[in-house]
Amino acid sequence: MALSGAEMLVRVSASLPEKTGKSVEEWVAAVGKSGIDPLDQRAVRQWLKSEHGLTKPQQEAIAIAAAKEAGWAEPTADDHLAAQYAGSKQGLKPIYEALLAAATSLGDDVVVEVRAGFVAVNRKRQFAAVQPATASRVDLGLRFVDPPSDERLKPATAPGQSTHKTGLTTAEQVDDGVKALLRQAYEQN
């Protein structure tokens, strides 16, 4: 069974003393002494990599802990969703809502995960992803093992784990054809 991001951070943090010789608290103190802004997670990660040779999971665990210590609060799913559909992209929210309704109606095993840049739709693994790509288009990414022949589908590597995607500019485009594509991706994953 796969670990959630939070569970992975707990596991990595617990392994730091054995693997690096310092606890997460000691690493946070080292970040503080380094002069790097602990709220600049990219700079903290780069420092941990270049100066200490830490792995990406170790960098992430320490950078997040340092930022939290400095007062940063991790964005909620609602915060991420509000940011995705803010400003010039707020008119795209009905497309997202139509896609989400179609995807979640496929079965009781559908799980929705809001991420910083897109929304992942999972079954046993991710089968769809919804991302406001431009101010006028939402991309529906679909993961296929055996892709159907459909002129709307284009090969893709994003959003999420998509193998194919299609762009939608209105909620009305979430029609029977798009719903059939969602169902095929759901069934293949």
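Read on for a plain summary of the structure.

### Points about the overall build of the protein
What the protein contains, in helices and strands, is seven helices and six strands. When the helices and strands of the protein are read in sequence order from the N terminus, they spell out α-α-α-α-α-α-β-β-β-β-β-β-α. Across its three principal axes, the protein shows a C-alpha extent of roughly 55 × 35 × 30 Å. In the protein, which comprises 189 residues, the share counted as buried stands at 38%.

### Side note on the packing of helix α2 (residues 24-34) against helix α3 (residues 41-52)
A pair of packed helices is captured by two measures, namely the crossing angle of their axes and the spacing between those axes. Contact geometry of α2 with α3 gives a least axis separation of 11 Å together with a crossing angle of 100 degrees. Between α2 and α3, the angle falls in the class roughly perpendicular. Note on element contacts: α3 touches α2 through Val 44, Trp 47, Leu 48 and His 52, opposite Trp 27, Ala 30, Val 31 and Ser 34. When the residues that make up the contact of α2 with α3 are grouped by side-chain class, the tally is six nonpolar, two polar and no charged.

### Thoughts on the side chain of Asp 139
The topology assignment puts Asp 139 in strand β4 (residues 137-142). Given a relative accessible area of 3%, Asp 139 falls into the buried group. Here the side chain of Asp 139 touches Arg 137 through a polar contact of 2.7 Å, side chain to side chain. What Asp 139 contacts, discounting residues up to four positions off in sequence, is Ala 129, Val 130, Gln 131, Ala 133, Pro 159, Lys 165, Thr 166 and Gly 167.

### Concerning unusual backbone geometry
Backbone torsion omega between Ala 158 and Pro 159 reads 0 degrees, so that peptide bond is classified as cis. Note on placement: Pro 159 falls in the loop between β5 (154-155) and β6 (164-168).

Thresholds, definitions, all that
- Residues numbered from 1 in each chain as written.
- Predicted model: local features only at pLDDT ≥ 70, side-chain atom pairs only at ≥ 80, totals over all residues.
- Heavy atoms only, no water.
- Helix = DSSP H or I, 4+ residues; strand = E, 2+ residues; numbered from the N terminus.
- Buried < 20%, exposed > 50% of the residue type's maximum accessible area, 1.4 Å probe, protein only.
- Axes fitted to C-alpha atoms, helices over the stretch in contact; angles between N-to-C directions.
- Parallel < 35°, antiparallel > 145°, perpendicular 65-115°, else oblique.
- Contact = heavy atoms within 4.5 Å.
- Nonpolar A, V, L, I, M, F, W, Y, C, P; charged D, E, K, R; others polar.
- Polar contact = N/O pair within 3.5 Å; in protein donor to acceptor, adjacent residues only side chain to side chain.

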